[in-house]
Each structure stands twice: as C-alpha cells, then as structure tokens.
Amino acid sequence: MDQLVANRKRERRLTILIALAVVAATISFGVAACSSLDQTPSSTSVNSSEPDDTPSARHRSGGGIPGAADGVLPDNASPFDTDLPGIAKLNPKLLKAVQAAAKAAEHDGIELHLTTGWRSKKYQEELMEKAIQRYGSREKALQYVASPETSHHVTGNAVDIGPTDADDWVNRHGNKFGLCQTLANEIWHFELATTPGGSCPAPGV
Ligand SMILES: [Zn+2]
C-alpha cells in the first residue's frame, strides 16, 4: 500500500475515535448532571434492582414521612416564599395579612418567619399519631394537638410564627392586620380573628 494513503487512513481512524470519545464524554456528563438534580439515592443508582424505599420515594408514593408537599417548611421560611406549598396553600387573606405584618415588623428590626402554615391532613394525622404515642391516648393527645378534622392549619387558616421576638411583636401589633393569638397556650399561633385595627378576642384553649 502507498505510504501516504496508509497515513491518511490512520489519521481518519484517529479522528473518528476522538469524535466518539467526545460524544461518550458528553453523554456521561449529561447523565451525571441530570442525576445530581434529583438527589434521591435511588435515582442515581440506575442499575439497582432493589425496591425504591427511600424516604423520598415513600413520600412520592403517598405514604410515610410528610414532606414539603404536605406543608413541611424549611427553617426560617418567609411568608414571601410562595413557592412552598405550606405558604402557597394558606387562605389568601391570611397570607396577605402575614406578609403585611412581616414588612411592618422588618421596619421595626424584627424578622418574622413561619414555622408552620398550611398542613396536609396526612401531616396533621402524623402529628396526632406522635402525640398519641407520647401522651398515651388520643383523648390526652387532643389536649395538645388538633385532629386533622379540626386543625385550622389544615384549612389554611392559621400560621405559627417565630422566633419569640416575632411572636411578641405580632402579639402587640398583629391586630392592625387582623392577626390574633387564638390559642392561650401557643404564643406562636395566629389567625385572622378581628377586623384590621380592631381588638383581638381573648385566646381560647
Ligand atoms: Zn399553630
């Protein structure tokens, strides 16, 4: 074979090999990038034949540990974090009042967070189950935790506010926005319970 032709053939083969390597690297990089977006351990192990039983998988299938879709909020959630279901599913009037209160509190140097907003029935039931285990009976647990049927968080009509200085601020100024502490033993639990500027009723039990 002519030496020049042989050299050209080798060059072409090399070019093809390099092109294939680039394509392979691009594909594997793409897969890695997609996997890192979905941070469930099971989704990254493509070839795993084990049943998908991670907490997030159980959550996706409807049972098990409540998650963000049930209203669980991250630390320091703001009433303006409306991408969170626990905030977005609040009664719009309550959400508006809390947002207005948060702005006014900020003006006074107080940062207002929501520790709980809306909760799913499942989440509330989970809290009830925990309380039953702790206090020994459903009857006793009901003294501390509302049932899914009666909780105002489940209907989106209650918020739990923190930290303590924010609770204190809302207890002093919340009525301007219609917000009142409605449970005597929960200084953090607020609902719309008066007309803006009106006075709050005494908290119940
Ligand atoms: Zn509450």
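Residues numbered from 1 in each chain as written. Predicted model: local features only at pLDDT ≥ 70, side-chain atom pairs only at ≥ 80, totals over all residues. Heavy atoms only, no water.

1. Re the overall build of the protein chain
How we decide: Helix and strand assignments follow DSSP, with helices taken as H or I runs no shorter than four residues and strands as E runs no shorter than two, numbered in order from the N terminus. For each residue, the accessible area found with a 1.4 Å probe, counting protein chains only, is set against the maximum for its type, and the residue is called buried under 20%, exposed over 50%, and partly exposed in between. Should any heavy atoms of two residues lie within 4.5 Å, those residues are counted as being in contact. Each accessible area is a Shrake-Rupley estimate made with a 1.4 Å probe; only the visible protein chains count as cover when residues are assessed.
In terms of helices and strands, the protein chain carries eight helices and four strands. Taken from N to C terminus, the helices and strands of the protein chain fall in the order α-α-α-α-α-β-α-α-β-α-β-β. Residue burial in the protein chain is summarised as follows: out of 205 residues, 34% are buried. For the protein chain, contacts bridging at least 24 residues in sequence account for 49% of all contacts bridging at least 6. Taken as a whole, the protein chain presents about 13,000 Å² of accessible surface, with 58% of it coming from carbon and sulfur.

2. A closer look at the sheet that holds strand β3 (residues 179-181)
What holds strands together in a sheet is hydrogen bonding between their backbones, with the strands either parallel or antiparallel. As a reminder of what qualifies: Two strands are counted as paired when DSSP detects at least two bridges linking them. Angles here are taken between N-to-C directions and fall from 0 to 180 degrees, while the axes themselves are lines fitted to C-alpha atoms, restricted in helices to the stretch in contact.
Spatial strand order, β1-β2-β4-β3: four strands in an open sheet with antiparallel pairing. Of all strands in the sheet, those with a lone pairing partner are β1 (113-116) and β3, marking the two edges. For this sheet the average axis-to-axis angle between neighbouring strands, irrespective of direction, equals 45°. Two elements, β3 and strand β4 (residues 189-192), share three bridges in a ladder whose sense is antiparallel. When the bridges of β4 are listed, C180 appears paired with E191. Against the sheet, helix α8 (residues 164-173) makes contact with β2 (159-162), β3 and β4, and its axis sits at roughly 120° relative to β2, the strand it touches most.

3. Notes on the coordination of the zinc ion
Metal coordination angles in their ideal form are 109.5 degrees for the four-donor tetrahedron and 90 or 180 degrees for the six-donor octahedron. For clarity, the threshold we go by: Any nitrogen, oxygen or sulfur atom within 2.8 Å of a metal ion counts as a donor, with the limit raised to 3.2 Å for Na, K and Ca, and since water is left out, coordination shells can look unfinished.
Coordination sphere of the zinc ion, protein contribution only: H153 (NE2), D160 (OD) and H189 (ND1), at 2.0 to 2.1 Å. Each donor residue of the zinc ion lies on one chain, and together they are spaced H-x6-D-x28-H. Separated by 29 residues along the polypeptide, D160 in strand β2 and H189 in strand β4 bring together distant segments of the chain. Judged by its relative accessible area of 5%, D160 falls in the buried class.

4. Things to note about the pattern of salt bridges
What counts is decided by this rule: Whenever a carboxyl oxygen of Asp or Glu lies within 4 Å of a side-chain nitrogen of Lys or Arg, that contact is scored as a salt bridge.
Scanning the model with the defined rule gives four salt bridges in all. R119 is paired through a salt bridge with D160; the nearest N and O atoms lie 3.8 Å apart. Here the residue R119 occupies a position in the loop between β1 and α6 (121-135), and D160 occupies one in strand β2, the gap between them amounting to 41 residues. By the burial criterion, R119 is buried, and D160 matches it.

5. Here's the deal with the pairing of β2
A two-sided burial pattern is seen for β2, the buried positions comprising V159 and I161 on one face and D160 and G162 on the other. As defined by bridge partners, β1 adjoins β2 across three bridges and the pair is classed as antiparallel. In the sheet register, H113 faces β2, and the bridge partner there is G162. Bridge count for β2 against β4 is two bridges, and the pairing is antiparallel. Paired with D160 across the two strands is H189, which belongs to β4.

6. Quick look at the packing of aromatic side chains
Short version of the rule: Ring pairs shown here join Phe, Tyr and Trp side chains whose ring centres sit within 6.5 Å, with only the six-membered ring taken for Trp; geometry is labelled stacked below 30 degrees between planes, edge-to-face above 60, and tilted in between. In this scheme, Lys NZ or Arg CZ marks a charge over a ring once it lies within 6 Å of the ring centre and within 35 degrees of the ring normal.
The full count for this structure, using the stated rule, is two aromatic pairs. Between Y135 and Y144, the aromatic rings sit 4.1 Å apart at their centres with planes inclined by 10°, giving stacked as the arrangement. Overall, the relative accessible area of 44% leaves Y144 in the partly exposed class. Taking the ring centre of Y123 as reference, the NZ or CZ of R119 above it sits at 5.5 Å.

Bear in mind that shape data such as this cannot, by itself, settle questions of function.
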